[in-house]
Each structure stands twice: as C-alpha cells, then as structure tokens.
Amino acid sequence: MPRKWLTAVLAALAAIPLLVVGPAAAAASTVTVYYKPPSAWSRVNIHYAPTGGSWTTVPGMPMSAASCAGWYRKDIDLGAATGMQTTFNNGSGTWDNNSGRNYSVGAGVVTITGGVVTSADPCSVTTPPAGDNTATVFYPSRWATVYLHYAPDGEAWTTVPGVAMNENACTGWAKKTVELGAATSLQATFNNGSGTWDNNNGANYRLSAGTSTVKDGVVTADATDPCSAVPADTTAPSTPGALTASVDHVTVTLGWTASTDDRGVTGYQITRSGGSGGTVVLTSGYNTYIDGSLAAKTTYTYAVRAVDAAGNQSAVSQSKSVTTGDAPPQAAGGAMLGGDPRKESIYFVLTARFYDGDTSNDRGGSQDIASGNAANHDPMFRGDFKGLVDKLDYIKGLGFSAIWITPVVLNRSDYDYHGYHGWDFFRVDPRLESPGSTYQDLIDKAHAKGLKIYQDVVYNHSSRWGANGLFVPKVWGAKDGQWDGLYSTKVDGQRYDPLTEFHGTDPALTAQQNALAQGRPYNGDLWSTTEPAGNTCRSWGTPTGQYSAQGYAIHNCQWPSPTSGMFPSTLYHQCWIGNWEGEDSRSCWLHEDLADFNTENPVVQKYLIDAYNKYIDMGVDGFRVDTAVHIPRVTWNRRFLPAIQQHLTQKYGAAKAQDFYVFGEVGAFVNDKWNRGSVNHSAQFFTWKERREYAADDVTAALEQYNYEEQLGTGQQPTSTNAFLNGNLYHAPDRSQFSGMNIIDMRMHMNFSDAPNAFHNGKDSDDSVNDATYNAVYVDSHDYGPNKSSTRYSGGTDAWAENMSLMWTFRGIPTLYYGSEIEFQAGRQIDCGPTCPLATTGRAYYGDKVEGSVTASDYGVVSSASGTVATTLTQPLVKHVQRLNQIRRAVPALQMGQYSTDGVSGDMAYKRRYTSGATDSFALVTVSSSATFSGIPNGTYTDAVTGDVRTVTNGTLTASVSAKGDLRVYVLALPGNPAPGKVGTDGPYLR
C-alpha cells in the first residue's frame, strides 16, 4: 500500500484541531500514581495530559521514590478533569508509552508496571482479614514459567511479577492455590516474568474462590480440575438441522443449522450421492459448503453428520435432493489463462507511470502545479492501458509471464494516480482507458501473448469521499468568496468524471481562487451549504474558529473524517488507528483520505464481492490484495476468500479455479519471524484457515479470533512442511488448512539489504507459512525498499544480479518492480506525495526508457528492437533477468519445487525437486559461491548455466562458482525427464 497523500491545503487543514468548548467547571480531582520501571532507572519522569488539557513539557515531572523498593510516586492535581493520559521516561531517551498507546487512568490511586494498570497502593501493608477462603487457578502453560499477579478484593496486589504457578498440574496447565482470607473473589493477570502479559486486554480477570480455569480469554468458575482424569467422550453431537440446498447452474450451495456438543463440534461430513461419481463423502469446518463443478442436469442427494474431537458422529440429517441446471454460459469478458501460478514470474507496474500510449487521457489533477509535475510536463496520470498494450512485448521480452498492475477502479482524490483511493468500485478509471485499449482489451491482448494480468484490489477502504453505490458523504461547502474555487456549481444529472477538469480563468474568482480551481473535476454532488436531510455530522457548517493557510474560515463538516459523525457506523469504522500491532489496526482508519470500510457488515461485503466478481468475469488471472492485514483473518476466511472461490468455481469449475492467484499485502515491516510478537499482524498468519468456530456475528467473531490467537501466541501456531523436501524426495503438500490467500514475502523483502540475509531469514519463516512455494518475492516496491527504506534499492548492479539469481531459483514467485531491470531511480525517494515532482521519485515516468519498437518471439527472447528501448534491452541486468527467466521456465523444480539444505554446504545453496504425474525434476543450486551437495541421487547432472555435465557415482557433487550473481543449476537426468542442457547464452553474470 503506498502512502496516500492529501493536497497541501487539506493536509494543513487536517493538522488544525477543532475548537473544543468544555463543560462548566467541576470540582478538582487528584490522582496518585505509583510506577515501577521495567529496569533500574536512575530517575523517573511522568509525562501526562489531563483529559481535555495539554501535555506537560517533555520530559515531564520527576517522580519521587516511594516507600517500597523499586517504586516511584507522584501526586497530580487534575483540576476539573476526571482522568489523564500518561507516559514515563528516564530523562535520557528511554520511554514507556504502553507500546504507543499511552496509559489512560482515572482519579484516585493508580499503580502501573509491566504494562498493567491497577488501583492499589503497592507499598501498603495490609493484614488479610480473618478467614480461610482460597482460590485455585489453572492457566495454560504457554510460557516456561507462568506468574499469577493478583489482588484479593480489598487487598493490595502482589509485587510484580506475582507468584510462580509451579504446583504440580498436568501437561498443558499451570496451577496455583492462593489464600484469600475473608475475600470471596480476586482480580488476576498472568505473565512470563519477562514483560509478556495477559491482562484480559486491560480489563484484568475477575475470579472467585474455589477452582477456576482461565483459557483463551474465558474464565470458567467452579471448574472441574482439568488435570483430573477426563472421562471418555461418548456423547455424540446433535443432529444438523434445516438442511438447505440452492442451485446455480452446476454449483450447489448447502447450509444447515449448526450442531452442538458437550465438548465442541470439530466439523461436518457431507455425503453426496448421485451422478457418475457415485457416493462421495465431503468435509467442512463450517455449517456451509459449496459443491462446484457438478454435472449438468443431474440429481444429487445430500445428507450431513456432525463430528466431535473424539470421532463421535451425530445422527444423519434429513436428506436434500436437488437437480443441477445447464452449465454456466461463458461470462461476458474473457477467461483467465490458468495453470499453476508458481510457473510465472511477475513484472509490477504502476500503470499511470509506465508508458503513455494515449496523451488525450493524461491528467495532472489539482496538485499538478503544487507538486512540481506541471513544470516537468509530467501529469501524474500519464501512463495508461494503451501504453501497457504497446509494451507487452517489452515485458515478455524480459521473460516475464505475468503483470501485476495497480488498482483499476475509478479513484477520487487529489493525488490518486496509484489507484488506492477507490470511489466507484464498479467503474474502471477513464484516465487509464482509450478506444481500443479498454481494460478488457488489455486483458485480452495480454492473454493473446501468454501474459497473465494480476489486478491490485482494495477491500479495506475507499477514498475519503466514500464509495459510490454504497455511501458518499455530503460535506459542508459554500461559494462565500473564500472557498469558491474549491466547489463546482451543482448541476442536476451531472456526475463525477475525472477527464472533465476546470482549466482557464473564471472572472468571478480571484487569482488565488482560480489557482485552487485548476485541474479540479466536477464535485457539485459532494457539497451543500444547507444541511441535508438525514445529516449525522455534528455542528454542520458552524465555524471552528480556525483558519486555513489562505486565511479562509474553516467550518465543521467541511472535510470527511471518521470521528465527525459524517460516515454511518454500519458501513464505515469511526476511529483512528492508535496501535499498529493492536486490534484497532483492523477496525480504524489508516489515514484521513482512506475511509475504512466496516468489512464485517454484510452490506459492505456484498458491495465489494459484487464489484470484484466483475473483474473475475473479465478474465483477470489473480488479485494482489492491498492492506490485507487491516481486515480480520476470520472475515477473509468466512466471507471474502470463499466468495472469490465460489465465483471462480461457477465460472471455471473447481480445478481451474485453483489457478487464480491471490496474494496479500500484510505489512509486517520488521525483520523478525513474527511481527513484534503479534500473530494477528504477521504475514504467514493469513495463509491459514481458522482453527475453531466463532460467533455468527462477524464483529464479535473478529474480536474472538483476535483474542484467541493472540493469547495462544507464536509458539502455538500451525506449522507446515509443504515447502520442504523429505531428504531428496518431493512429497504431496497438505493444503487442507490453506485459507485461500498467499502472501508477499515480507520477511525476505525487509531483509534484502543483501541476498544471503534475505535467504536465511526467508528459510526461517517457511515452516510457519502454509506453503511458502507460493510466496511472491521482491526486493523493493512502490512502498518501500529493504529494511523499510524510503528509497529504491541502491545496493549496486552486482548486488541486484545476486538478488535476482536468488529470487529466480529459490522457492516463491519472483517479482520485479518496473525499471529495476536497469536500476531505474536507484536511491531516489520512493514517494513524497504532492510535495515534490514525481520525476524525482521512485515512481517516475518510465516511458522514456522504452520508446521505440520491440518484438518478443518468446519469453526472454527479443527478435527485433529499435529506438531507445533497444538500448535499454542491452543493459546488464536486462540480459541477466532474460536468462534467469529462460532457465526457470526450463526447470520445473525451480518453479514449483520443494527445497532442502540438508547435506549442502555453501552460503546460498539448496536442492529442489518437483514431482507430479509424469514430471520429475531435481536440481542442485548454488548462488555466488561454490557448494558441495552430499547424499544426492547418483546419475548424470547437467548445469543449465554452463552446460557442464557431471556423472555422480558416490552421492556427491561440487559446484564451482566464484562471481557475485553467478550461479549453477545442475539438473539430474531422470527417466522421461531429461535435463534441458545449457539454457540461453552467456551474459554478464551467468557464464
């Protein structure tokens, strides 16, 4: 997801706070804060802001040592406020700000340590009241040592971290019995003694005397000891009820009432009879099932049983018989090419910045002058589909077989050339189309050349102006002598068209207002001076008391905002993200011009599903999913991903539907395996199905899923061997728990400062991905370079060659950002919004480099070229990527194979194999340095780079490489699968 920018005017306005009118003065209140730092600080400062008031000057006020060791205290006068936000620091740059969220506290006594807020004086010494009540607490043994930090009602909290839960329990459980005296309940939290806490998301746990279990955020009072002998489960689930079956051509969609069970239903068995296949047993984890690719005009009968973990089966449901209809007609548009997506390599383009095939649809927009683009004669909307069509042979000549293009839907923003400000999801942006070069034409012409189209799609948000057909906010506006240039006059029946812009001079406007109006399309349907019927925005049109940089008075409801009441909560979320690794990152706005959909609402879901089904019908070959991490996985798994598969199955049948490539952007911009320890914000998490049932309501389910997985933590996530060989043997991958979403390999991307670093980090994550052979792998993109760099990769030509050699031979699908084949804009800032010309950034116009004609006779083979593009095609990395594509296409193991480093020496060296049907491909690869492969099958190996032939009789082969970026790919000749021999001709790196 690229950074989305407002205009300079709107950015300035967004930074100006609204005028807040406070309530009448209230009685003064105070708070006494006790704080214990995470380590020994020489001094402790408290930096705070009473509710509605200003923050203290950094670093804040010094705290005094309290009467008990390690604690500090400060008494604060809150005035009329009833609470405050606070952070702590040591005066030397070390801060505790509750992981970016700050601490919110009320009046009275507050105790803060280890990220936990409680309300008791830690230094008080109390004598437990008479009594002998006890509480026995069981908690999952998720850490090496589990600590119980607790406070009986009316008593002080234990000293952090609490008491170790080290009583003898049983596998999977920690146990502790504590004295309550006369108290009958307690507050409790749990931690590992090293700063990792479970405090029930800040609410603490309320436990009663007696035996309690705390698991997955659920407290069970008067619980049975989980370590006592568990009686055998002999109770079967209840019978599924109300079985329904609906038919759409040759697809049957089943639904039934969920079963219940004393220990939980784990799934369902669906028995289908009828047709030439006879009786078939199908399975589902949910109380729905889509049965696709059935025979036309055939009667099928279905019945369902529920199953529990012990294997008990319910009675069979009532049966339901249905008759399929005719096979579905070919949808209007086209058909995807099909085939395993791992066979492809991907070229990623910002369509509007690649090649300008039609100058008549160029548009600079309202920021053309302010950004400096006008002075460069470089409108932001410059490239188009005609330009892509004109240069398909350039892309194929590089050897690529798939093109990832930025979003195509109609955008509405002031700087939206990248496509991520969708406004009408059912319309293609006319700034990209031309007669004879519509989006459908691009898809069809790319397919005719054997090139797939992967469309970037956005489910998380619309533009700040809403989504046409779902909800478009009406804003306050007035032609009042100040804002005249911002607003078009309302014209009945006219609609937004970005190709129709205001240019010239309006004599009724001042020079400044005319400048504001330049390049602005019609927007008369967005604003109103009179408050519209049904308005929910608060304080409509009243002045805020603030002024723009031009001195114009700012009014409430003038700009869309999540917290203004301008968007209905049923369709849009109403908050800003406060913690990028917190639950709110999935349910709040990213930025002020990205209105965050309430994706848990069925109305929103239908809008997006229907919109993107349109593009499936046009024949696109896959979706790159923008901002996937900002939608709960359970929503993807229950709603959007099944909808994609259902529509594909109806169009193509179940087998070909699997060829559609979905790969998500999960922005985990860190170098570790799990994104700051949060499973819900880690890329690999999204490749898995859910492991349990959640509430039927999607909002509730999202919270349940978040808490369940976050509390299980990283150590209890599923693992996979799908990417790994068993010795030298390929094994059938288990994709039964695959969610339907593959991922961009963020771990490798973030570590591509050098190829060995990316290689070793990538390997480290592969066991937690459902199948890492489907990862999209790139060095840099339209967002970031490696290590979250804001500039395009500038490691040098040799380093680029080495990166490419690794990407094209290691597991995953190699992806190259446009221009990287000539180190285009290396070291330049990738994105600066409208504050600098695009020509100076990593999103510069590429067309000048590909002017002229080019014809590709095959992937990676150019038969003729003239003009500037001919010069571009002589560049060393171009030659390198052409040959890499040729070699990869000739060796199935490099495309779809599993890998192993067992018995392999060398820094970047590995074995790969792919076996399916008559295909058996085995290859030994080493990049940039020599390697020895031991314990390999004997036989004849031929290097695809040099043509060198080796006969192995002792299970060992040594491959010699001494140049950065060079590699060896020794392919074993197998029955029916001869090695391809030397592939391509020597180049600057492969020789």
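Residues numbered from 1 in each chain as written. Predicted model: local features only at pLDDT ≥ 70, side-chain atom pairs only at ≥ 80, totals over all residues. Heavy atoms only, no water.

Q: Can you lay out the packing of aromatic side chains for me, pointing to particular residues and giving the numbers?
A: Considering all chains together, one arrives at 59 aromatic pairs under this definition. Here the aromatic rings of Phe-426 and Tyr-607 are separated by 5.3 Å at their centres, their planes lie at 75°, and the arrangement is edge-to-face. You can see Phe-426 sitting in strand 30 (residues 422-428) and its partner Tyr-607 sitting in helix 7 (residues 602-618), a full 181 residues away along the chain. Look at Phe-426 and you get partly exposed, because its relative accessible area is 31%. Overall, Tyr-607 belongs to the buried group, its relative accessible area being 7%. For the pair Tyr-818 and Phe-824, a centre-to-centre distance of 6.0 Å together with 50° between the ring planes defines the contact as tilted. (Phe/Tyr/Trp six-rings, centres within 6.5 Å; stacked < 30°, edge-to-face > 60°. Helix = DSSP H or I, 4+ residues; strand = E, 2+ residues; numbered from the N terminus. Buried < 20%, exposed > 50% of the residue type's maximum accessible area, 1.4 Å probe, protein only.)

Q: Outline the state of the cysteines, supporting the account with residue identities and numerical values.
A: Within this structure, the stated rule accounts for five disulfides. Between the sulfur atoms of Cys-68 and its disulfide partner Cys-123 the distance amounts to 1.8 Å. Around the S-S axis, the bridge from Cys-68 to Cys-123 shows a dihedral of about -60° and counts as left-handed. Pair noted here: Cys-68 is in the loop between strand 4 (64-65) and strand 5 (72-79) and Cys-123 is in the loop between strand 10 (116-118) and strand 11 (133-140), with a separation of 55 residues, a long-range link. The side chain of Cys-575 participates in a disulfide bridge whose partner is Cys-588; the two sulfur atoms lie 2.0 Å from each other. Handedness here is read from the sign of the S-S torsion; for Cys-575 and Cys-588, about -90°, the answer is left-handed. (Disulfide = S-S within 2.5 Å.)

Q: Hey, could you go over the nonpolar core for me, with residue numbers and the actual values?
A: Among the nonpolar cores identified, the biggest contains 163 residues, and Tyr-394, Tyr-439 and Tyr-459 are the most heavily contacted of them. Here this core gets nine residues from one element, more than from any other, and that element is helix 7. Excluding residues within four positions of it along the chain, Tyr-459 makes contact with Phe-597, Thr-599, Leu-608, Tyr-612, Phe-623, Val-625, Ile-631, Trp-636, Phe-640 and Ile-644. (Core = buried A, V, L, I, M, F, W, Y, C linked by side-chain atoms within 4.5 Å. Contact = heavy atoms within 4.5 Å.)

Q: Which residues make up the sheet that holds strand 21 (residues 251-257), and what are the values?
A: What the three strands build is an open sheet, ordered 20-21-24; its pairing is antiparallel. Two strands close off the open sheet at either side, each with one partner strand: strand 20 (241-248) and strand 24 (288-291). If you compare each strand with its neighbour and ignore which way they point, the axes differ by 15° on average. The sheet contacts of helix 8 (residues 633-652) involve strand 20, strand 21 and strand 24, and relative to strand 21 the element is tilted by about 145°. (Pairing = 2+ DSSP bridges. Axes fitted to C-alpha atoms, helices over the stretch in contact; angles between N-to-C directions.)

Q: Explain the sheet that holds strand 38 (residues 622-626) to me, and be specific about the residues and the numbers.
A: The strands making up a sheet associate through backbone hydrogen bonding, with each pair oriented either parallel or antiparallel. Spatially, 40-39-38-31-28-27-42-41 is the arrangement adopted by the eight strands of the open sheet, whose pairing is parallel. Every other strand in the sheet has two partners, leaving strand 40 (742-743) and strand 41 (776-777) as the edge strands with one partner each. Where strand 39 (residues 661-664) meets strand 40, two bridges bridge the pair, whose relative direction is parallel. Considered in strand 40, the bridge of Gly-664 is made with Ile-743. Helix-sheet contacts for helix 13 (residues 797-809) involve strand 41 and strand 42 (813-817), and the interaxial angle to strand 42 is about 145°.

Q: Let's hear about the pairing of strand 6 (residues 83-89): which residues, and what values?
A: With six of seven residues buried, strand 6 is to be regarded as a mostly interior element. Bridge count between strand 2 (residues 45-50) and strand 6: six bridges; the pairing is antiparallel. When the sheet's bridge partners are listed, Ile-46 is paired in strand 6 with Phe-88. Across two bridges, the pairing between strand 6 and strand 7 (residues 95-96) is antiparallel. Each bridged residue has a counterpart across the sheet, and for Phe-88 the counterpart in strand 7 is Asp-96.

Q: So what about the pattern of salt bridges? Which residues, and what values?
A: Note on pairing: side chains with opposite charge can pair once their charged atoms come close. Overall, the coordinates contain 37 salt bridges when judged by the stated rule. Here Asp-698 makes a salt bridge to Arg-638, at a shortest N to O gap of 2.7 Å. In this pair, Asp-698 sits in helix 10 (residues 698-712) while Arg-638 sits in helix 8, placing the two residues 60 residues apart along the sequence. Take Asp-698 and Arg-638: they sit in the same class, and that class is buried. (Salt bridge = Lys/Arg side-chain N within 4 Å of Asp/Glu carboxyl O.)

Q: Any details on the confidence of the model for the chain? Residues and values, ideally.
A: The share of residues in the chain with pLDDT of 70 or more is 96%, and the mean pLDDT across the chain is 91. Per-residue pLDDT stays below 50 along residues 2-26; that stretch engages in 54 contacts with residues further than four places along the chain or on separate chains. (pLDDT = per-residue confidence, 0-100.)

Q: Explain the packing of helix 13 against helix 15 (residues 876-890) to me, and be specific about the residues and the numbers.
A: Here helix 13 crosses helix 15 at 10°, and the two axes come no closer than 10 Å. Between helix 13 and helix 15, the interaxial angle falls into the category roughly parallel. Between helix 13, through Thr-797, Trp-800, Ala-801, Met-804, Ser-805 and Trp-808, and helix 15, the contact on the second element is made entirely by Pro-876, Leu-877, His-880, Val-881, Leu-884, Asn-885 and Arg-888. Of the residues assigned to the contact of helix 13 with helix 15, the class counts are eight nonpolar, four polar and one charged. (Parallel < 35°, antiparallel > 145°, perpendicular 65-115°, else oblique. Nonpolar A, V, L, I, M, F, W, Y, C, P; charged D, E, K, R; others polar.)

Q: Which residues make up unusual backbone geometry, and what values do they have?
A: What is expected of a backbone is that most residues other than glycine have negative phi and most peptide bonds are trans. Residue Pro-59 follows Val-58 across a cis peptide bond; omega there is 10°. Even without a glycine there, the phi angle at Arg-676 is positive, about 50°. Topologically, Arg-676 is positioned in the loop between strand 39 and helix 10. With a relative accessible area of 55%, Arg-676 lands in the exposed category.

Q: I'd love a proper account of helix 10, names of residues and values included.
A: The end-to-end C-alpha distance of helix 10, which contains 15 residues, comes to 21 Å, matching closely the 21 Å that a straight helix rising 1.5 Å per residue would cover. Next to the buried residues of helix 10 lie strand 16 (197-198), strand 17 (205-208), helix 7 and helix 8. A distance of 3.3 Å separates the backbone nitrogen of Val-699 from a side-chain oxygen at the start of helix 10, and that oxygen is part of Asp-697. Looking one or two residues beyond helix 10, the residue adopting positive phi is Gly-713, at roughly 80°. (Expected span 1.5 Å × (residues − 1). Polar contact = N/O pair within 3.5 Å; in protein donor to acceptor, adjacent residues only side chain to side chain.)

Q: I'd like to hear about the environment of Thr-323, residue by residue, with values.
A: Along the polypeptide, Thr-323 turns up in strand 26 (residues 320-323). When its relative accessible area of 46% is taken as the criterion, Thr-323 is described as partly exposed. The sequence separation of Thr-323 and Ser-54 amounts to 269 residues, and the corresponding C-alpha distance is 69 Å. If sequence neighbours within four positions are ignored, Thr-323 has contacts with Val-247, Lys-297, Thr-298 and Thr-299. A polar atom in the side chain of Thr-323 sits 2.8 Å from the side chain of Thr-299.

Q: Talk me through empty space enclosed by the protein; I want residue IDs and the actual numbers.
A: Evaluation of the coordinates by the stated rule reveals eight cavities of 30 Å³ or more. Computed from the structure, the largest cavity encloses a volume of approximately 130 Å³. Forming the boundary of the largest cavity are 17 residues, of which Lys-673, Ala-683, Gln-684, Met-746 and Arg-747 lie nearest the centre. Tallied by class, residues from the lining of the largest cavity come to eight nonpolar, five polar and four charged. (1 Å grid on protein atoms, 1.4 Å probe; cavity = no way out; pocket = protein on both sides within 12 Å on 5 of 7 lines; lining within 4 Å. Points joined across faces, edges and corners; volume = space filled by probe spheres on them.)

Q: Run through the pairing of strand 27 (residues 346-349), naming residues and quoting values.
A: Residues Ile-346 and Phe-348 line one face of strand 27 and the alternating positions Tyr-347 and Val-349 line the opposite face, and both faces are buried. Taken together, the four bridges between strand 27 and strand 28 (residues 402-405) define a ladder with parallel strand orientation. Along strand 28, the bridge assignment pairs Ile-346 with Ala-402. Bridge analysis of strand 27 against strand 42 gives three bridges, and the strand direction is parallel. Looking at strand 42, one finds that Tyr-347 is bridged to Leu-816.

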